[in-house]
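# Structural overview for review
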Amino acid sequence: MKDFALHDAPVLDELRALAAERILILDGAMGTMIQTLGLSEEDYSAHGHIHGPGCRHHTDHPQKGNNDLLVLTKPDAIEEIHYQFAMAGADILETNTFSGTTIAQADYGLEGAIHDLSVAGAQVARRAADRAQATDGKRRFVAGAVGPTNRTASISPDVNDPGFRAVSFDELRRAYGQQMEGLIEGGADLILIETIFDTLNAKAAIFAAFEVFQKIGQRLPLMISGTITDASGRTLSGQTPTAFWHSVAHARPFTVGLNCALGADLMRPHLAELAGVADTLICAYPNAGLPNAFGGYDETPEQTAALVGGFARDGLVNVVGGCCGTTPDHIRAIADAVAPYAPRKVPA
Ligand SMILES: [Zn+2]
């Protein structure tokens with residue numbers, strides 16, 4: 001790996017200059033917005049006629065719930081959600097590609113569609129970003145979103161066989177690399193490795209990102225976001241926020257942060273810990289509170305915005321947005337709440 005020979009993509013300077021001026025805004029949740037559309041199996045699968053930019057994909061597997069597929073079968077609906085978030089104040093739009101790896105798409109029999117899903121996912125977000133910019137003149141950035149997959153490289157899923165692993169580092173590295181290549185081809189400005197519950201998975205994603213950067217001859221900005229899965233303040237693979245930072249610092253990410261899981265109130269102490277140790281920009285995008293008994297999210301835009309505004313008031317954040325349950329109204333309220341405050345100063 002000769003990453004020292006790589007130069008940073010010009011977009012990094014643009015983002016850094018903006019982040020020096022103000023707290024940047026990330027968008028809200030795609031999944032809970034898609035739920036409100038009430039789509040049917042036929043909507044998801046386009047009656048079995050799944051056309052990608054490259055080819056046509058065949059599968060007999062039911063596709064309802066495969067939200068990533070909608071960038072091919074309902075692209076206008078996904079573009080509209082991106083656009084609503086952009087017009088609510090988001091500077092950075094996340095592609096609808098959380099499960100767009102061969103590993104996660106194996107559940108739907110669409111491993112062969114990864115390149116098309118990744119390219120189309122970035123293109124759909126890019127169209128919304130460019131449309132928003134044409135509307136109000138404000139630059140928008142597209143973050144190619146890379147999820148954790150549904151397998152963990154460092155913990156056995158079988159209590160009777162603790163040495164067993166459902167996925168290897170190299171399988172993850174290859175899967176992430178394939179997804180990232182498509183995202184960049186489709187027009188992503190940066191790569192967001194998010195909802196990290198297993199740091200070994202994230203390390204494979206970071207490794208893959210550097211391999212792809214080597215191929216394209218420049219380093220795109222990286223955003224890295226972990227998730228604290230219980231009140232003890234650790235990731236699923238057992239790390240504190242400080243340990244998590246030291247595990248990913250070698251990637252020299254544009255931002256490191258936390259998303260999803262606990263909601264803003266319970267996220268706060270872990271975010272404060274991370275902000276105290278990381279010598280890069282901090283990004284936080286919590287859920288709209290803890291899930292209720294029905295798996296929904298109850299915090300109003302005002303409630304989430306008050307909590308995230310508190311992060312800004314106390315100098316903890318540089319980029320903020322929302323995860324599960326957050327709507328364009330949440331993002332608008334969050335943008336308003338943080339606007340009076342200066343971005344966090346990166347410790348020297
Ligand atoms: Zn979430």
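The notes below deal with the structure included here. None of the values given here were measured: they were computed from a predicted structure.

Parameters at a glance
- Residues numbered from 1 in each chain as written.
- Predicted model: local features only at pLDDT ≥ 70, side-chain atom pairs only at ≥ 80, totals over all residues.
- Heavy atoms only, no water.
- Axes fitted to C-alpha atoms, helices over the stretch in contact; angles between N-to-C directions.
- Helix = DSSP H or I, 4+ residues; strand = E, 2+ residues; numbered from the N terminus.
- Parallel < 35°, antiparallel > 145°, perpendicular 65-115°, else oblique.
- Left-handed = near helix turned anticlockwise from the far one by under 90°.
- Contact = heavy atoms within 4.5 Å.
- Buried < 20%, exposed > 50% of the residue type's maximum accessible area, 1.4 Å probe, protein only.
- Donors = N, O, S within 2.8 Å, 3.2 Å for Na, K, Ca; no water.
- Tetrahedral: all angles 85-135°; square planar, octahedral: opposite > 155°, others 65-115°.
- Salt bridge = Lys/Arg side-chain N within 4 Å of Asp/Glu carboxyl O.

### Details of the packing of helix α11 (residues 264-277) against helix α12 (residues 301-313)
Contact geometry of α11 with α12 gives a least axis separation of 10 Å together with a crossing angle of 15°. Judged by the inter-axis angle, α11 sits roughly parallel to α12. The way α11 lies across α12 gives a crossing that is right-handed. In this structure, α11 uses A264, D265, M267, R268 and L271 to contact α12, whose residues at the interface are L307, V308, G310 and F311.

### Points about unusual backbone geometry
A positive phi is found at T195, a non-glycine position, where the angle reads about 55°. Tracing the sequence through the fold places T195 in strand β7 (residues 190-196). By relative accessible area, T195 is classed as buried at 11%. Phi at A261 is positive, roughly 45°, even though this residue is not glycine. Among the secondary structure elements, A261 is positioned in the loop between β10 (255-260) and α11.

### Regarding the coordination of the zinc ion
Bound to the zinc ion are the protein donor atoms C260 (SG), N287 (OD1), C323 (SG) and C324 (SG), situated 2.1 to 2.6 Å from the metal. One can describe the donor arrangement at the zinc ion as tetrahedral, given that its four donor atoms subtend angles of 93 to 131° at the metal. Read in sequence order, the donor residues for the zinc ion give the motif C-x26-N-x35-C-C. A residue pair is termed long-range when its members are at least 10 positions apart, and C260 in strand β10 and C324 in the loop between β12 (319-320) and α13 (328-338) qualify at 64 residues. For C260, a relative accessible area of 15% corresponds to the buried category. For C324, a relative accessible area of 24% puts it in the partly exposed group.

### Regarding the pattern of salt bridges
Throughout the structure, instances matching the rule amount to 17 salt bridges. For K74, the salt bridge goes to D43, with nearest N and O atoms at 3.7 Å. In this pair, K74 sits in the loop between α4 (70-73) and α5 (75-87) while D43 sits in helix α3 (residues 41-45), placing the two residues 31 residues apart along the sequence. We classify D43 as partly exposed; its relative accessible area is 22%. We note a salt bridge from D189 to R126, for which the minimum N-O separation is 2.8 Å. Within this pair, whereas D189 is found in the loop between α8 (169-185) and β7, its partner R126 is found in helix α7 (residues 114-136), the two being separated by 63 residues in sequence. Side by side, D189 and R126 carry an identical accessibility label, which is buried.

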